[in-house]
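Residues per chain are reported as follows:
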Amino acid sequence: MDKIPNQRAIIDRKKIVACIAELAEEHNPESFEFRGALLPLLKTALADGQAEIKRRFMENNKGRPSMHAASFLVDQMIRTIYDVATVHVYPLSNPTPEEKLSLMAVGGYGRGELAPFSDVDLLFLFPYKQTSWSEQIIEYCLYLLWDLGLKVGHATRTPDECIRLAKKDITIQTALLEARYLWGDQDLAQEM
């Protein structure tokens, strides 16, 4: 992926995380009020980032940097949402070995190329058995991404399932060849 100049002009994740921490102090993170305050914050960040990417495109008329910038913006949104889910809404004080989750971008998004209105293809990896915790995290992330207006294609699998299914289906194989680690447990992503 090409180097994206002035990334903070697209999205300032540190600033957003600080605002989310304030929201978590004001409202119970499991409450409707927290989610009601979180969604507009994320929508504004996404819209501002998209406007900056569009401005840059109109200035230089180059598509490839815009695709990489759009991918970067969505990466940061997904990381932020995952952190909200795991840190504020469903924190684990003492996770078991099964309670690991890794997010991976697959397909064109995995290449770091996201055209306007493209699907965001995600793979949620868990070690060998999906737990209720990972199910809650996945559901929380997906609902927020959908509420932001993103078209999300997703799969939830173990590394073994990925390999087994890739042997049977060339589209899964191709998507996995372009897989890119996004967030969560790095060891699990590396294993896949």
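Up top is the structure these notes are about.
In this report, we go over the structure that sits alongside the text. (Residues numbered from 1 in each chain as written. Predicted model: local features only at pLDDT ≥ 70, side-chain atom pairs only at ≥ 80, totals over all residues. Heavy atoms only, no water.)

Here's the deal with the pattern of salt bridges
Two side chains bearing opposite charge may form a pair once their charged atoms approach each other closely. Worth spelling out the cut-off: Put simply, a salt bridge is a Lys or Arg side-chain nitrogen that is within 4 Å of an Asp or Glu carboxyl oxygen. Classification of residues uses two cut-offs on accessible area relative to the type maximum, computed with a 1.4 Å probe and protein chains only: under 20% is buried, over 50% is exposed, and between them is partly exposed. Under the DSSP-based scheme used, a helix requires at least four consecutive residues in state H or I and a strand at least two consecutive residues in state E, with every element numbered from the N terminus.
Per the counting criterion, the structure on display carries 11 salt bridges. A salt bridge links D12 to R8; its shortest N-O distance comes to 3.6 Å. Note on D12: relative accessible area 26%, which makes it partly exposed. In this structure, R35 and D147 form a salt bridge, with 2.4 Å as the shortest nitrogen-oxygen distance. Of this pair, R35 sits in helix α3 (residues 32–60) while D147 sits in helix α6 (residues 132–147); the two residues are 112 residues apart in sequence, bridging distant segments of the chain. The partly exposed category is assigned to D147, whose relative accessible area is 33%. Connected through shared salt-bridge partners, E52, R55, R56 and E59 make up one network.

Regarding the environment of I137
Just so we agree on the cut-off: Note on contacts: a residue pair qualifies if any of its non-hydrogen atoms lie within 4.5 Å across the two residues.
Along the chain, I137 falls in helix α6. With 11 residues separating them in the primary sequence, I137 and L148 have C-alpha atoms 17 Å apart. Aside from chain neighbours lying at most four places away, what touches I137 is Y82, A85, T86, Y90 and L101.

With respect to the nonpolar core
Among soluble globular proteins, nonpolar side chains are generally buried collectively. In plain terms, the rule: Only buried residues count toward a nonpolar core. Its members are Ala, Val, Leu, Ile, Met, Phe, Trp, Tyr and Cys residues joined through side-chain atoms within 4.5 Å.
If you look at the biggest cluster of nonpolar residues, it comprises 47 residues, and the most contacted ones within it are F34, I78, L101, Y109 and L122. Contributions of two or more residues to this core are made by α2 (13–26), α3, α4 (63–89), β1 (102–105), β2 (120–125) and α6. Among the elements that make up this core, the one with the highest residue count is α4 (12 residues). Apart from residues no more than four positions distant in its own chain, I78 is found in contact with L103, Y109, V120, L122, L145 and L182. Residues L123, L125, A155 and C162 belong to the second largest nonpolar core, which totals 11 residues.

A word on α6
In an α-helix, one turn spans 3.6 residues; hence positions three or four apart end up facing the same way. Stated precisely, the cut-off is as follows: By this rule, a helix spans an expected 1.5 Å times one less than how many residues it contains.
Compared with the 22 Å implied by 1.5 Å per residue over 16 residues, the 22 Å span of α6 between its first and last C-alpha is a close match. Among the residues of α6, W133, S134, I137, I138, Y140, C141, L142, L144 and L145 are the ones counted as buried. Where α6 is buried, its residues touch α3, α4, β2 and β3 (152–157).

Some thoughts on the packing of α2 against α3
Our working definition: Fitted lines through C-alpha atoms serve as axes, helices being fitted only where they are in contact, and the angles separating the N-to-C directions of these axes extend from 0 to 180 degrees. For classification purposes, an angle smaller than 35 degrees is called roughly parallel, one larger than 145 roughly antiparallel, one from 65 to 115 roughly perpendicular, and anything else oblique. What makes a crossing left-handed is the near helix being turned counterclockwise from the far one by less than a right angle; a clockwise turn instead makes it right-handed.
Taken N-terminus to C-terminus, the directions of α2 and α3 make an angle of 170°; their axes are 10 Å apart at the nearest point. As far as their axial angle goes, α3 and α2 are roughly antiparallel. Judged by the sense of rotation from one axis to the other, the crossing of α2 with α3 is right-handed. For the pair α2 and α3, contact is made by I16, C19, I20, L23 and A24 and by F34, A37, L38, L41, L42 and A45, respectively.

Quick word on the environment of A85
If you trace the backbone, A85 turns up in helix α4. On the basis of relative accessibility, which here comes to 0%, the residue A85 falls in the buried class. In sequence terms A85 and K3 are 82 residues apart; their C-alpha atoms lie 29 Å from each other. For A85, the contacting residues outside a window of four places in its chain are Y90, P91, I137, Y140 and C141.

Points about the sheet that holds strand β4 (residues 180–184)
For sheets, the rule is that strands pair by backbone hydrogen bonds, running either parallel or antiparallel. What counts, and what does not: For two strands to count as paired, DSSP must find a minimum of two bridges between them.
Taken in spatial order, the 4 strands of this open sheet run β3-β2-β1-β4, and their pairing is mixed. Both edges of this open sheet fall to β3 and β4, since each of them pairs with a single strand only. When strand polarity is set aside, the average angle formed by the axes of neighbouring strands in this sheet is 25°. Bridging between β1 and β4 involves 4 bridges; their strand directions are antiparallel. Note that in β4 the partner of S102 across the bridge is G184.

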